[in-house]
Structure formats: structure tokens, C-alpha cells
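Next come the chains, spelled out residue by residue.
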Amino acid sequence: MQIRRVRWHIVVFLAPAVLVYTTVMIFPLFNTLRLALYSRIEQERVFVGLDNFRRLFLDPVWADQFWNALGNNFWFFLIHMVVQNPIGIALAALLSHPRLRFAALYRSAIFIPTILSFVIVGFAWKLILSPIWGIAPSMLDAVGLRALFAPWLGKEEYALTTLALISVWQFVGIPMMLIYAALLSIPEEILEAGEVDGITGLAAFWKIKLPLILPSIGIISILTFVGNFNAFDLIYAAQGALAGPDFSTDILGTFMYRTFFGFQLQLGDPHMGSAIAGAMFAIILVGVCFYLFGIQTRMRRYQL
Amino acid sequence: MTTKTLKLALLGTALAAGAVQAQDVTLTIESWRNDDLTLWQDQIIPAFEAEHPGIKVSFTPSAPTEYNAALNSKLEAGSAGDLITCRPFDASLALYEAGHLADLSDMEAMGNFSDVAKSAWQTDDGAATFCVPMASVIHGFIYNKDAFAELGLDVPQTEDDFFAVLDAIKEDGLYIPLAMGTNDQWEAATMGYNNIGPNYWKGEEGRRALIAGEQKLTDAQWVAPYATLARWADYMGLGYEAQTYPDSQNLFTLGRAAIYPAGSWEISGFNALAEFEMGAFKPPVQAAGDTCYISDHTDIGIGMNAATAHPEAAKAFLAWVGSPEFATIFGNALPGFFPLSNTPVELDDPLAKEFASWRGECESTIRSTYQILSRGTPNLENETWGASVAAIKGTATPEELGARLQDGLASWYAPHQ
């Protein structure tokens, strides 16, 4: 009879990662969720069960803000999906064209904003779009379109879209790079075989390349989803924690920050803040699960 | 044997080090006034240290917008400094109630301050005072004297004068009449609503009546300032919706705008930047001869971390902050932050003098939303920011705004239910 040896080396090699990950990720995550079940009443921390969530979803004082932030977040995500990702794919398709000159230069130039800090991006775009010092009004003026200029970041109806487009400008390099890598991995033989059958140019893209990069597009969509629903930095850098004008750019991240840490005379409420963080976690979890089980498993994969 | 000597020697040095530490106490001050870092390091701290050998002070400010959050976390974690710069009203009251700020009521230096000055750092019943008042800021309008002279304009006394002046500047077209934007929202409430408002609600009288529940935010005196603010929009710069607070400051100090709705804290910054002569006028009254009211807002105090390791040294510092000597240094080094102590301080800066002179002519009050009324959710101060912006942009009528604020306040504040 053979006794199964305990494979200690596995434990030893896993330990550092497990320990670090547990202390900085798993424990804080569950502790935040636990915090959401309490409330501070008269200096005492009291267990209130799901009452914080009931207030968040049903009490008009909180619910109005929550649904507003959630709606804005979906709009923010939608803009990324319909603007950032198609542009990223188109740029990748152009860059992977074998006869394009200076491809490396374009690739770096488009990717550079991704590595800039949110604060720099927010500040630079605020200056560009400023009605007083910005170059946007004078550039429009130069082509005779001055009338089209509006103080976009200050108008309720445009501010969120403007910020979403700024974020698209910053991050369009990421889908571009991922798709570019996927396109490069398509073997020449397949494309040549297609050419023999008379599929060239745009048709080759739609009929051969696109189906082959669909898994990458799926990954990009889920990365965009997670990134957008965790977003906070750009809005905070450009519009402040109150996400003006009139909360029109308020997304879950800024709403959570304001509630958790407080703002001006509003005192921080870590328990309601944790409840919002819990709701954000749930939304992202549902989204990711929907993708993993609903879409990815059904996606057809081609053997290359 | 040798190891034992070594041990003894080590013990000896450790003890000596301990003794040195006990002699030289270092106090750390938490503050949001990072603009004042050099002032503290070059003037205030040396003056204190010269009088109190053995106490070293270090001033460690953080960014104003992050101060409250950072301070709360530090206090929870037990890593906060010995002395804590106090925001007025509830932010500090909450710290006191949570046991983070020590009760300072029995300090002798408290006798140097009036009740109004202390009110910002007291429990609601006034039984305990937990911060030594340092300074207040006064609201009004700063104007470009050269521009006024060029256009032959006089300082407006009444509201009609004020709009006549704005019309004249607008007609001339060289200057933007009012340097204010709505992008950052708080200016509209702080330099707009709470600047001109006290003349409508009669300062303390209205403010106290609102807290007591005798007046409502839907009453004429609380709604009318919004109607006046709505008229400002015509005189603000093109694209004011996206104009930020620094934009407004720059527009004014570059000489492109004629009038800046201000708080007195701007004075030292503007003195350094503006190349023209500046003057100030108080919020215009409705009819000539009316009593004027100014917002003389208690803004900064300083208290002691209840968990400090050096309570004696910290109290010595606080007592010194309450002295006339500190008031003189502070008031003159930071024109625009007016010391609150009862001993009058001679100010050198002409602009600051102008602001301070209104204390003699007008009734003082503080910002309407700061005491008690911003305690619940929705937060009245934050709501007032939004409402003031909406009034200027014209996205809601003054009556709608009053009703919205009243509903929000009544939803949690018992005297209004």
C-alpha cells in the first residue's frame, strides 16, 4: 500500500502569493462587505443586517443618487463600447496592414495616453476645453465653427459624454494593442488560402480576421466593463467629488467616495459607503459571470 | 563579563536617549492650510519656540479637500498629530463626540474669545468648548480700482447701484463684469448665496430662526437671494458654466474682470498676483440706509488630540494661540484671516483693513448652512451648492429651489417637521 506523499513544495510555493493576496485583497473585500451590515448609532456600532441596502435602493434620499449614478455608469460604459472598442479594432486593423509605413510610430503615439496619470489627463483636457484659456474654442474659430463650441464640461447634458470621450481618448490604446496582437497571430496561410478563393481586402477582414479575433473582443469588453464600473479617478480629477454639474457626471465610484469619506460638511459614513461598494462589487460580479457563463462558453473557437 | 559591560553600556545609552526625548517634546500639527506652510515655519513656530524652550513644533498640512478624510483615518488609526486644526461645526463636533478631541473649556485663554467666536467649536448646549478659535473670513466683493476709475464708476451701496455698475461695465465691454464660474459649484453658494444672503434674512436673526424652525427655506427672505443670483448670469464671462475657481481668480488678477465675489482669504494671494490697485465693498443692501449684514465666518480653530502623549506641551501651545501675541502675528502674516480674539489687532494690509472695518458698521453672522443644519442626509450645504448653481444657470426657479431644499431639510430635521 502506497501512502500518498504530501507535496509540501506546492504549499511552499503558493504561500507567498496566497498570503499577500489574502491580506491586501480577500480580507479587505470581505471586511468591507461585513462593514456594510453595520451602522453607527450614537457612537455605537450596531448590526443592522441588510438595512443599509434597503436604504440605498428604496429610501428616496439615497436611491435617487444611486440610480442616477448607476444610469450614468451605464452611459459611460456604453460610450466606451460603441466608440472606444470599434475605433481600437479599426486602428489595429490599419496598423496590421503590412504596407503601412511608420506603423511603430503610430502605435506608440496612440498608446502613450494610456500610461499618463488620470490627473494629468483630466487637467490637460480641462484646459483644452476651457472656454477662457482653452485651444478648443480658437481651433473651432479657425475653421469658422465657433458657434459649435459650448462649455461642455459645465453643461449637464454634455458633461458625462465629454468625460467618457476623454476616457476613450486615453484608453483606446488598450483594445488596439490587444486586437493588434490577435491579428498578428493569424497565420498567413489562412489569409492566402482565402485570397485563392477570392476573399481579399475588407472581405478578408469581415470574413476571416474578425471571427478569429472575437475572443479577444470579448476579453476587451469585459475589461472595459470592469474598468468603467470601477472608474472614479477621471471624474474626481476633472469635476471633483460632487461630480457636477448637478450630479450629471456622478458615477458609482464618486458616489461611493463621497459617502465613505465625506465631503465638505457631509461627514463620512463608512457603513453606507461599504454598502455602495458592495453593490458595485455585485454589479461587476454579475456582469463578469454573465460574460463567462453566458457568452464565453458559447463562443466558437477556431483551431489555428 | 565583557557582554555584561556591553549590556550595561547599551542600557545606559538607551536611558540617555529616553531622557533627551523627554526633555525635547515635538508637537505635530495637523492642518489643511498647506498654503500657509512657510508662514508657520518662518514666523509662528519660531516665535513660539523662542518662548517655550524644550517644545518643538512641526506643521504637517495636507490638501484641503483631503483633510477631513485623512484626519479621520489617522485618528482612527492612532497616528494623528498632537494638535489638530479644527474645521468649524459638525466635522469637529463629531471628532469631539468620538473622543478624539480633548475638552478645553477650562483653559484660561478661552476668556479671550466671544461666545460667537467659540460657537463653532462647542457642543450644541455650549457646555464644552473643544478648539481654540483662530480666525474668521469675511465675505464681500473685491474690485479692480483702476477699472472703476477708468469707467468712472463708484462703489455700489445698494443692490440697484450694484446692477447699474455691472451694466456699465458690460456696456463698455473691456472687462468681464463678474469673475465667477459655476464649474466647481461651491463658489456659487459660498461667494454667491451666503455672501449676499445675510442682507435678506437679517443675519443672525434669520439664521437662528431657521435653526429653531420658525422660518422656512421657502420663505421670501431665503428664496430672494436665488432670484438675485439668477441675474448674475448675464454679467459672468462667456462659458462660465465650465469656468473653475482658479479660472476666476486668474481672470480677476490678470485684470480681465472688474469685480470678484470674494472671501477675505483671497487677499494675500491676490496681493501677490494683481498688478492693479484693489478695493473691496460689502454686499449691497436693498435700500439705502438699511442695516448691513456681513458673513464673518468662523473658519479655523485648533484643538488637542485627546490621545496625545504630551498634553501639557500641547496645552501650552494652545494657550499661546489664544494670546494677543499670536493674533497679531497671524492677522498680519495672513491678511484676510481675521483673528477672533477680543483684543483688537492692528492690521497693516489696506484691503484686509477694509474688510475688517465692516465689522464695525454691519452686523456679523456666519454661513447659514454650517451650524446643525448640515448634519443629516441630504446635506444642506451640498444641496445649497447645487441650488445656487441652478439659480445662476436658470435651470430651476428660485421657488422650486427653496421648496427642494426645504423638503430635504424637513426629511431629517425635527424642528422643520
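A. Main features of the overall build of chain B. Of the regular secondary structure elements, chain B holds 18 helices and ten strands. Computed over its C-alpha atoms, the radius of gyration of chain B comes to 24 Å, within 12% of the 22 Å expected for a compact globule of 417 residues. When the backbone C-alpha atoms are referred to their principal axes, chain B occupies close to 95 × 50 × 40 Å. For chain B, the proportion of its 417 residues judged to be buried stands at 58%. Summed over all atoms, the accessible surface of chain B reaches about 16600 Å², with 52% contributed by carbon and sulfur.

B. Representation of the interface of chain A and chain B within the structure. The interface of chain A with chain B comprises 27 residues on the first partner and 34 residues on the second. Roughly 2600 Å² is buried in total at the junction of chain A and chain B, and carbon and sulfur atoms are behind 57% of that figure. Contact with chain B buries area across many residues of chain A, yet Ile132, Trp133 and Leu265 of chain A alone supply 25% of it, more than any other trio. In this assembly, chain A and chain B are joined by two salt bridges. On inspection of chain A and its partner chain B, the count reaches five residue pairs in polar contact (both at pLDDT 80 or more). Sorting the residues of the side of chain A that touches chain B by element identifies α3 (60–95), α11 (233–239) and β4 (266–267) of chain A as the ones contributing at least two each. In terms of residue count, the dominant contributor to the side of chain A that touches chain B is α11 of chain A (three residues). Partitioning the side of chain A that touches chain B into residue classes produces 15 nonpolar, seven polar and five charged.

C. Expanded view of the state of the cysteines. Residue and element names in this part refer to chain B. Evaluation of the coordinates by the stated rule reveals two disulfides over all chains. Between the sulfur atoms of Cys86 and its disulfide mate Cys131 the distance is 2.0 Å. One quick way to see it: the torsion about the S-S bond of Cys86 and Cys131 is about -75°, and its sign makes the bridge left-handed. On the criterion of sequence distance, the pair formed by Cys86 in strand β3 (residues 83–86) and Cys131 in strand β4 (residues 131–144) is long-range, its members being 45 residues apart. In this pair, the class of Cys86 matches that of Cys131, namely buried. One disulfide in the model links Cys292 with Cys362; its S-S distance is 2.0 Å. Judged by the sign of its S-S torsion, about -85°, the cystine formed by Cys292 and Cys362 is left-handed. Of the two residues, Cys292 is situated in the loop between β7 (278–281) and β8 (293–304) and Cys362 in the loop between α16 (350–361) and β10 (363–365); the sequence distance between them amounts to 70 residues.

D. Focus on the domain arrangement of chain B. All names here are of chain B. We note that the domain assignment places domain 1 (24–135 + 299–346) and domain 2 (138–296 + 366–416) within chain B. Taken together, the contact between domain 1 and domain 2 spans ten residues of the former and eleven residues of the latter. Carbon and sulfur atoms make up 59% of the area that domain 1 and domain 2 hide from each other, which totals about 1000 Å². By the criterion of area lost to domain 2, the three top residues of domain 1 are Phe89, Asp90 and Pro335, representing 44% of everything that side buries. Linking domain 1 with domain 2 are two salt bridges, by the criterion used here. Across the pair Arg375 and Asp90 runs a salt bridge, and its minimum N-O distance is 3.0 Å. Joining domain 1 to domain 2, the criterion identifies three residue pairs in polar contact (both at pLDDT 80 or more).

E. Spatial organisation of unusual backbone geometry. The omega angle of the peptide bond from Gly244 of chain A to Pro245 of chain A is -10°, so this bond is cis rather than trans. In the segment running from Thr377 of chain B into Pro378 of chain B, the intervening peptide bond is cis, with an omega of 0°. Locating Pro378 of chain B in the fold gives a position in the loop between β10 and α17 (380–393). A positive phi is found at Phe247 of chain A, a non-glycine position, where the angle reads about 65°. With respect to the element layout, Phe247 of chain A can be found in the loop between α11 and α12 (252–261).

F. Inspection of the pattern of salt bridges at higher detail. Residues and elements named next belong to chain B. Counted by the stated rule, this structure contains 14 salt bridges over all chains. For Arg208, the salt bridge goes to Glu204, with nearest N and O atoms at 3.1 Å. Placement of both Arg208 and Glu204 in helix α10 (residues 203–212) is noted, with a separation of four residues, approximately one turn of the helix. A relative accessible area of 48% means that Arg208 is categorised as partly exposed. The network of salt bridges with common partners includes Asp90, Asp124 and Arg375.

G. The arrangement of the packing of helix α10 (residues 201–229) of chain A against helix α13 (residues 270–295) of chain A in detail. Residue and element names in this part refer to chain A. Remark: α10 packs on α13, axes separated minimally by 10 Å, with the N-to-C direction vectors making an angle of 175°. Between α10 and α13, the crossing angle belongs to the class labelled roughly antiparallel. In this structure, α10 contributes Pro215, Gly218, Ile219, Ile222, Phe225, Val226 and Phe229 to the contact, and α13 contributes Met280, Ile283, Ile284, Gly287, Val288 and Tyr291. Its residues placed into classes, the contact of α10 with α13 shows eleven nonpolar, two polar and no charged.

Quick notes on the rules
Residues numbered from 1 in each chain as written. Chains lettered and ligands numbered in written order. Predicted model: local features only at pLDDT ≥ 70, side-chain atom pairs only at ≥ 80, totals over all residues. Heavy atoms only, no water. Helix = DSSP H or I, 4+ residues; strand = E, 2+ residues; numbered from the N terminus. Rg over C-alpha atoms; globule rule 2.2 N^0.38 Å. Buried < 20%, exposed > 50% of the residue type's maximum accessible area, 1.4 Å probe, protein only. Areas by Shrake-Rupley, 256 points an atom, 1.4 Å probe, with all protein chains shown as cover. Contact = heavy atoms within 4.5 Å. Buried area = accessible area lost by both parts, 1.4 Å probe. Salt bridge = Lys/Arg side-chain N within 4 Å of Asp/Glu carboxyl O. Polar contact = N/O pair within 3.5 Å; in protein donor to acceptor, adjacent residues only side chain to side chain. Nonpolar A, V, L, I, M, F, W, Y, C, P; charged D, E, K, R; others polar. Disulfide = S-S within 2.5 Å. Domains from an automatic or database assignment. Axes fitted to C-alpha atoms, helices over the stretch in contact; angles between N-to-C directions. Parallel < 35°, antiparallel > 145°, perpendicular 65-115°, else oblique.

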